[in-house]
Amino acid sequence: MEAEGLDWLLVPLHRLAAWGAAGAMVFGGVVPYIPQYRDIRRTQNAEGFSVYVCLVLLVANILRILFWFGRHFESPLLWQSVVMISTMLLMLKLCTEVRVANELNVRRRSFTDFDPHHFWHWSSFSDYVQCVLAFTGVAGYITYLSIDSALFVETLGFLAVFTEAMLGVPQLYRNHCHRSTEGMSIKMVLMWTSGDAFKTAYFLLNGAPLQFSVCGLLQVLVDLAILAQAYAFACHPQKPAPHAAHPASAKAL
């Protein structure tokens, strides 16, 4: 009887918590990129951010949206992909403008040159948009032709989340090669870890497709491995070589 009397309070609180979790899923993934965007804009220097981060996230989220047409999943996850694609395009636009402004006497490179040596290093934001549209068109057409194949749909979903889960691997490999995490923001990695852990818990609690949960767990493990590297290298620092240059992180923020 007492529990029934509290329904008027518990039901709205449950709905509020559900809305809060959905909102965190939709917008939480882009939060780490806000300070990076502001820093690039303030310093007019984009060397600390790898545009390949944008490439990976654009591919992953486009594939996730196409996967939705074959197997519907939670709406917040769909909107998360839309928000992330928009964010990555904004990051690309800023990085391209800053890089081109700092380049002197460099020949213009475009997507239609089809030069693999300059792939994803073009001179205009419109070239990136053309590439994204071309990829979306080809992937969308293949999906349209194969949408009735359960194997294709499940493979598409796996590729979408696996691509995103591998985002931290270049950073992990870079740390291993240099035996150092110098230049890597521990605060950002902690944000990735907490965000990925929340995302994985959301997948599990809301019955998301299995691919989402498995790759979410993999992403958390990669984040933890990077943190373990930071701890190990801090305990046993390596003497840096003179004039050694540390390349920017592939998942650097």
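Residues numbered from 1 in each chain as written. Predicted model: local features only at pLDDT ≥ 70, side-chain atom pairs only at ≥ 80, totals over all residues. Heavy atoms only, no water.

Going by what an unreviewed UniProt entry lists, the protein is known as Solute carrier family 66 member 2 and is assigned to Microcebus murinus. Per UniProt, the protein has the following entry under Subcellular location (unreviewed entry): "Membrane". (UniProt positions renumbered as here; feature names shortened; annotations may be inferred.)

Re the overall build of the protein
What the protein contains, in helices and strands, is 10 helices and 0 strands. For the protein, the succession of helices and strands along the chain, N to C, is α-α-α-α-α-α-α-α-α-α. For the protein, the share of sequence-separated contacts (at least 6 apart) that also reach a separation of at least 24 residues comes to 75%. (Helix = DSSP H or I, 4+ residues; strand = E, 2+ residues; numbered from the N terminus. Contact = heavy atoms within 4.5 Å.)

Observations concerning empty space enclosed by the protein
In this structure the tally under the stated criterion is 1 cavity of 30 Å³ or more. Put simply, the largest cavity is a space of about 40 Å³. Considering the residues around the largest cavity, the lining is formed by Arg64, Val161, Glu164, Ala165, Lys199, Phe203, Phe212, Cys215, Gly216 and Gln219. Only helix H7 (150-165), helix H9 (186-205) and helix H10 (210-235) provide two or more residues apiece to the lining of the largest cavity. When residues in the lining of the largest cavity are grouped by element, the largest group, 4 residues, is from H10. For the lining of the largest cavity, the per-class residue count stands at 5 nonpolar, 2 polar and 3 charged. (1 Å grid on protein atoms, 1.4 Å probe; cavity = no way out; pocket = protein on both sides within 12 Å on 5 of 7 lines; lining within 4 Å. Points joined across faces, edges and corners; volume = space filled by probe spheres on them. Nonpolar A, V, L, I, M, F, W, Y, C, P; charged D, E, K, R; others polar.)

Brief notes about the UniProt feature "transmembrane region" (unreviewed entry) in the protein
The UniProt record annotates "transmembrane region" (unreviewed entry) at residues 16-37, 49-71, 77-98, 119-144 and 211-234. Regarding residues 16-37, the helix share stands at 82% and the strand share at 0%, and the terminal C-alpha atoms are separated by 31 Å. Each end of residues 211-234 is marked by a C-alpha atom, and these two atoms are 35 Å apart; helix forms 100% of the span and strand 0%.

Focus on the environment of Phe203
Turning to its location among the elements, Phe203 is positioned in helix H9. Linking Phe203 and Met25, residues 178 residues apart in sequence, is a C-alpha distance of 10.0 Å. When near neighbours in sequence (up to four residues on either side) are disregarded, Phe203 contacts Met25, Leu77, Ala208, Phe212 and Ser213.

Things to note about a nonpolar patch on the surface
Side chains of Leu13, Leu16 and Trp19 sit close together on the surface and give an oily, nonpolar patch of about 380 Å² of accessible area. With respect to the helices and strands, the residue Leu13 is situated in helix H2 (residues 7-28). (Patch = residues over 30% accessible without salt bridge, like charges linked within 9 Å, V, L, I, M, F, W, Y side chains within 5 Å. Areas by Shrake-Rupley, 256 points an atom, 1.4 Å probe, with all protein chains shown as cover. Salt bridge = Lys/Arg side-chain N within 4 Å of Asp/Glu carboxyl O.)

Description of unusual backbone geometry
In this structure, Phe114 takes a positive phi of about 55 degrees despite not being glycine. The topology assignment puts Phe114 in the loop between helix H5 (75-102) and helix H6 (125-146). On the accessibility criterion, Phe114 (63% relative accessible area) is exposed. Phi is positive for Trp120, which is not a glycine, with a value near 65 degrees. (Buried < 20%, exposed > 50% of the residue type's maximum accessible area, 1.4 Å probe, protein only.)

Observations concerning the layout of surface pockets
Of the volumes computed, that of the largest pocket is approximately 370 Å³. Taken together, 21 residues make up the lining of the largest pocket; nearest its centre are Gly28, Gly29, Pro32, Gly195 and Asp196. Put simply, the parts of the chain that give the lining of the largest pocket at least two residues each are H2, H5 and H9. Of the residues contributing to the lining of the largest pocket, the split by class is 11 nonpolar, 6 polar and 4 charged.

Brief notes about the pattern of salt bridges
Considering all chains together, one arrives at 7 salt bridges under this definition. Among the salt bridges present, the one from Glu164 reaches Arg64, with a minimum N-O distance of 3.0 Å. Pair noted here: Glu164 is in helix H7 and Arg64 is in helix H4 (residues 51-70), with a separation of 100 residues, a long-range link. Across the pair, exposure class does not vary: Glu164 and Arg64 are buried alike. Residues Lys199 and Glu164 are paired through a salt bridge, measuring 3.2 Å at the closest nitrogen-oxygen approach. Placement of the pair is Lys199 in helix H9 and Glu164 in helix H7, with a sequence separation of 35 residues. Each member of the pair, Lys199 as well as Glu164, is classed as buried.

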